Amino acid sequence: MTTAQSTVDSSDLDVQPTPLAQLLLGREADPRSERGVECPGDLPSPSDPGLVERARAAKERLGDKVFVLGHHYQRDEVIQFADVTGDSFKLARDAAARPEAEYIVFCGVHFMAESADILTGDDQKVVLPDLAAGCSMADMATAEQVAECWDVLTEAGIAERVVPVSYMNSSADIKAFTGKHGGTICTSSNAKRALEWAFEQGEQVLFLPDQHLGRNTAVRDMGMSLEDCVVYNPHKPNGGLTAEQLWDAKMILWRGHCSVHGRFSLESVEDVRARIPGVNVLVHPECKHEVVAAADHVGSTEHIIQALEAAPAGSKWAIGTELNLVRRLANRFAAEDKEVVFLDKTVCFCSTMNRIDLPHLVWTLESLADGKLVNRIEVDRETERFAKLALERMLALP
């Protein structure tokens, strides 16, 4: 569980909003949610022409005391200041490999910063430039909901047969639940290995929180059928499933999804093939099953980058992942005569990733350079212990 402090005094309002309304407005923090709060203090104006120089100067003042991580989905204006770029797990491991850095500034979202705090030393401080940079997918599975789900599985008589496998894109609380119940974490690139391991430990898997990655890995990579998968809906009694359905399923998929990858459709694939003859469709495994089935290639963000690096000149690619990365790849590979387009006609950034902008980064770096620790992400010791156990099981996978 992480802590964050609200900067809004609800007593100043004529009408007292409910806790849920406060949360949705970004004015309060649910300690078991990815959603955070707005930053305290004044941010630089986004129109300030000196922002780039201010960021550079503050980073130089900090020197080796700071290590800036940039997720692939970050804005170009932010990614230019990253010491390393990568996906969420690669960045967390990179942070752990820099024990001399006092401050780890994670330009990503909340669960990523939590993972970095879990894997780094106690003397290191992980900072998220905007505490409201959460993850809608991670928010779709709360600790209370998952505990209730486990009660349902226990009542159905199958809990002892079930091994939880949680995607890296989950809160520290969900990772800790996974560790406590003998499960492991996975990434989009090692999900198959994680599931193979889980089925060696038990007979069924509870996959959290992205149903699409779980389904695509089970069916596309492991030869299961769609009938082997059921979807547990935390908003329905017993997850909307009967005891018989739970017993018969090999994969119990949590009803969660990525708001970006979930918007790609079969129509998107058919449309781009009609518009660009000979195009290669490459999508992330968080996409819906019918999109993955219709694509030419499927893989994580790192796989997508590597595939384009290896692609021949003159090839054409439609990419189904976050737009910041696709646009960056399109610019990068245009010089090599590789055409890269976004799979969908509708522009779609990850809204929470885009909360980390240059004003927030400047404010963060200048605050740290002035000796003021801001927006620290700190996972409590008990949660960290079990979450780390789940992460270590993943690291031990063959």
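Basis of the calculations
Residues numbered from 1 in each chain as written. Predicted model: local features only at pLDDT ≥ 70, side-chain atom pairs only at ≥ 80, totals over all residues. Heavy atoms only, no water. Helix = DSSP H or I, 4+ residues; strand = E, 2+ residues; numbered from the N terminus. Buried < 20%, exposed > 50% of the residue type's maximum accessible area, 1.4 Å probe, protein only. Contact = heavy atoms within 4.5 Å. Expected span 1.5 Å × (residues − 1). Polar contact = N/O pair within 3.5 Å; in protein donor to acceptor, adjacent residues only side chain to side chain. pLDDT = per-residue confidence, 0-100. Pairing = 2+ DSSP bridges. Axes fitted to C-alpha atoms, helices over the stretch in contact; angles between N-to-C directions. Core = buried A, V, L, I, M, F, W, Y, C linked by side-chain atoms within 4.5 Å.

### A closer look at the side chain of His72
With respect to the helices and strands, the residue His72 is situated in the loop between strand 1 (66-71) and helix 3 (76-79). Assessed through its relative accessible area of 8%, His72 is described here as buried. Excluding residues that lie within four positions of it along the chain, His72 makes contacts with Thr85, Gly86, Asp87, Thr301, Glu302, Ile305, Leu325 and Arg328.

### Side note on helix 17 (residues 381-395)
Between its first and last C-alpha atoms helix 17 spans 20 Å; for 15 residues at 1.5 Å apiece the expected length is 21 Å, and the two agree. Taken residue by residue, helix 17 has Thr383, Glu384, Phe386, Ala387, Ala390, Leu391 and Met394 as its buried positions. Against the buried residues of helix 17 lie helix 4 (88-96), helix 5 (110-119), helix 8 (172-180) and strand 6 (184-186). Taking the backbone nitrogen of Glu382 as reference, a side-chain oxygen 3.2 Å away marks Asp380 as the first, capping residue of helix 17.

### Quick look at the confidence of the model for the chain
Here the chain shows a mean pLDDT of 89. Residues at 70 or above account for 89%. Between residues 1-29, whose pLDDT stays under 50, and residues either more than four places distant or in other chains, the model counts 43 contacts.

### A few points about the sheet that holds strand 7 (residues 204-208)
Across a sheet, paired strands are connected by hydrogen bonds in the backbone, their directions being either parallel or antiparallel. Spatial ordering of the open sheet is given by 6-5-7-9-8, a layout of 5 strands whose pairing is parallel. Every other strand in the sheet has two partners, leaving strand 6 and strand 8 (229-232) as the edge strands with one partner each. Between one strand axis and the next, the sheet turns by 25° as a mean value, whatever way the strands run. For strand 5 (residues 162-167) and strand 7, the ladder comprises 5 bridges, and the chain directions are parallel. Looking at strand 7, one finds that Val163 is bridged to Val205. Along the sheet, helix 9 (residues 191-201) makes contact with strand 5, strand 6, strand 7 and strand 9 (251-254), crossing strand 5 at roughly 165°.

### Digging into the nonpolar core
Counting 106 residues, the largest nonpolar core has Val105, Phe207, Met251, Val283 and Leu365 as its most contacted members. Apart from the residues lying within four places of it in its own chain, the contact partners of Phe207 are Val165, Cys186, Leu195, Leu213, Gly214, Met251, Ile252, Leu253 and Trp254. Counting 21 residues, the second largest nonpolar core, distinct from the first, contains Cys149, Ile174, Leu206 and Tyr232.

### Topic: the pairing of strand 3 (residues 103-107)
Burial analysis of strand 3 places 5 of its 5 residues in the buried class, the great majority of the element. Bridging between strand 1 and strand 3 involves 5 bridges; their strand directions are parallel. Bridge pairing in strand 3 links Val68 to Val105. Pairing of strand 3 with strand 4 (residues 125-127), which is carried by 3 bridges, proceeds in the parallel orientation. Bridging across to strand 4, Ile104 finds its partner in Val126.

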